[in-house]
Amino acid sequence: MSAKRLVGVHPAIWGAVFGGGMVLTAWLEKYHWLAWPWNLALVALFSASLIPMSVAMRQRSIHCGVDSAAMRRYNRRALIWALSYIVLLGFALTVRNTWQPQGPVLWLLALLPSLPIIYYVWAMGQYLRDEQDEYLRMRQMQAGMFATGFLLVVATVWGFLETFGIAPHAEGWWAVAVWAIGLGMGSFVQAKRDHGP
Amino acid sequence: MNNRLKVLRAERSWSQQDLAERLGVSRQSVNAIETGKYDPSLPLAFRIADLFKMTIEDVFQRD
């Protein structure tokens, strides 16, 4: 590892700010302490932490010697995904709550927030295609496998808790969020292994 | 698999970053190969051997 000490906030801290903010918003909504459009404003505020998180990730990649052109493109695309998701979700909710459209317009609105997620899935596949460094590609694939296993376990356990009436219903779109958390955990394990004995 | 990457690199006074740039890979890749955490593919092993003007067997040995 480089002798130079890395300064600045760790990307995990920014990630925790984002994740914590989302959980806080959901919790406030659940108990009706926060309603539209203030919930959206709070989501936008916490989503702003994704920008410094992306910058911190780039600095850490360079510092730890895992930087590559493909990884830079992937991080840029991930940031585009996250921000466009917030914008499109906000737009769809605003239109629905203001004009209460029906029929095909409602269908289009409902599908709109899923477009950035489809883009993110494409970006992940594209990274694996673009990455010329076989070790970095292997690391990302292992982290992806870990994330997939994590998602399967969480979905199975939650599904049975829901079936037995213990846990509340979880919407299907949570899958990407759970998978992304698993990817972060897998990447963390990889980084620890790299710097281990 | 064992390898002599660290010794060969030291003989040329190359840092891990120097070797990584010559091979077109990340510094962490060089570190992982050197420390035995990752065995390179055959094409990368050939690139490493070619860079040191050696055969693969001169650079990499069985455990």
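All values derive from a computational prediction rather than experimental measurement.

**Student:** I'd like a description of the interface of chain B and chain A, backed by residues and values.
**Tutor:** Opposite the 10 residues of chain B that make contact, chain A presents 10 residues. In terms of residues, the side of chain B that touches chain A owes the most to one element, helix α3 (residues 27–34) of chain B, which gives 5 residues. Taken together, the residues that form the side of chain B that touches chain A break down as 4 nonpolar, 5 polar and 1 charged.

**Student:** A description of the packing of helix α7 (residues 134–163) of chain A against helix α8 (residues 174–194) of chain A should follow, citing residues and the corresponding values.
**Tutor:** Residue and element names in this part refer to chain A. Contact geometry of α7 with α8 gives a least axis separation of 7 Å together with a crossing angle of 135°. Classified by the interaxial angle, the pair formed by α7 and α8 is oblique. Handedness of the α7/α8 crossing: right-handed. Side by side, α7 and α8 meet where Arg139, Gln142, Ala143, Gly144, Phe146, Ala147, Phe150, Leu151, Val154 and Ala155 of the first sit next to Ala175, Val178, Trp179, Gly182, Leu183, Met185, Gly186, Ser187 and Gln190 of the second. Partitioning the contact of α7 with α8 into residue classes produces 12 nonpolar, 6 polar and 1 charged.

**Student:** Outline unusual backbone geometry, listing residues and values.
**Tutor:** Unlike most non-glycine residues, A:His32 shows phi in positive territory, near 60°. With respect to the helices and strands, A:His32 occurs in the loop between α1 (11–30) and α2 (38–47). Residue classification places A:His32 among the exposed residues on the basis of 7 C-beta atoms within 10 Å. With a phi angle near 55°, B:Lys53 is a residue other than glycine that sits in the positive phi range. As for its position among the elements, B:Lys53 is in the loop between α4 (42–51) and α5 (56–59).

**Student:** Just give me the short version of the packing of α1(A) against α2(A), but keep the residues and values in it.
**Tutor:** All names here are of chain A. Contact geometry of α1 with α2 gives a least axis separation of 9 Å together with a crossing angle of 170°. The angle between the axes of α1 and α2 places the two elements in the roughly antiparallel class. Across the interface between the two elements, Val17, Phe18, Gly21, Met22, Thr25 and Glu29 of α1 pack against Asn39, Leu42, Val43, Phe46 and Ser47 of α2. In terms of residue class, the contact of α1 with α2 is built from 6 nonpolar, 4 polar and 1 charged.

Conventions and cut-offs
Residues numbered from 1 in each chain as written. Chains lettered and ligands numbered in written order. Predicted model: local features only at pLDDT ≥ 70, side-chain atom pairs only at ≥ 80, totals over all residues. Contact = placed C-beta atoms within 7 Å. Helix = DSSP H or I, 4+ residues; strand = E, 2+ residues; numbered from the N terminus. Nonpolar A, V, L, I, M, F, W, Y, C, P; charged D, E, K, R; others polar. Axes fitted to C-alpha atoms, helices over the stretch in contact; angles between N-to-C directions. Parallel < 35°, antiparallel > 145°, perpendicular 65-115°, else oblique. Left-handed = near helix turned anticlockwise from the far one by under 90°. Buried ≥ 20, exposed ≤ 12 C-beta atoms within 10 Å, placed from the backbone.

Interpretation note: all reported values are geometric properties and have no functional meaning in isolation.
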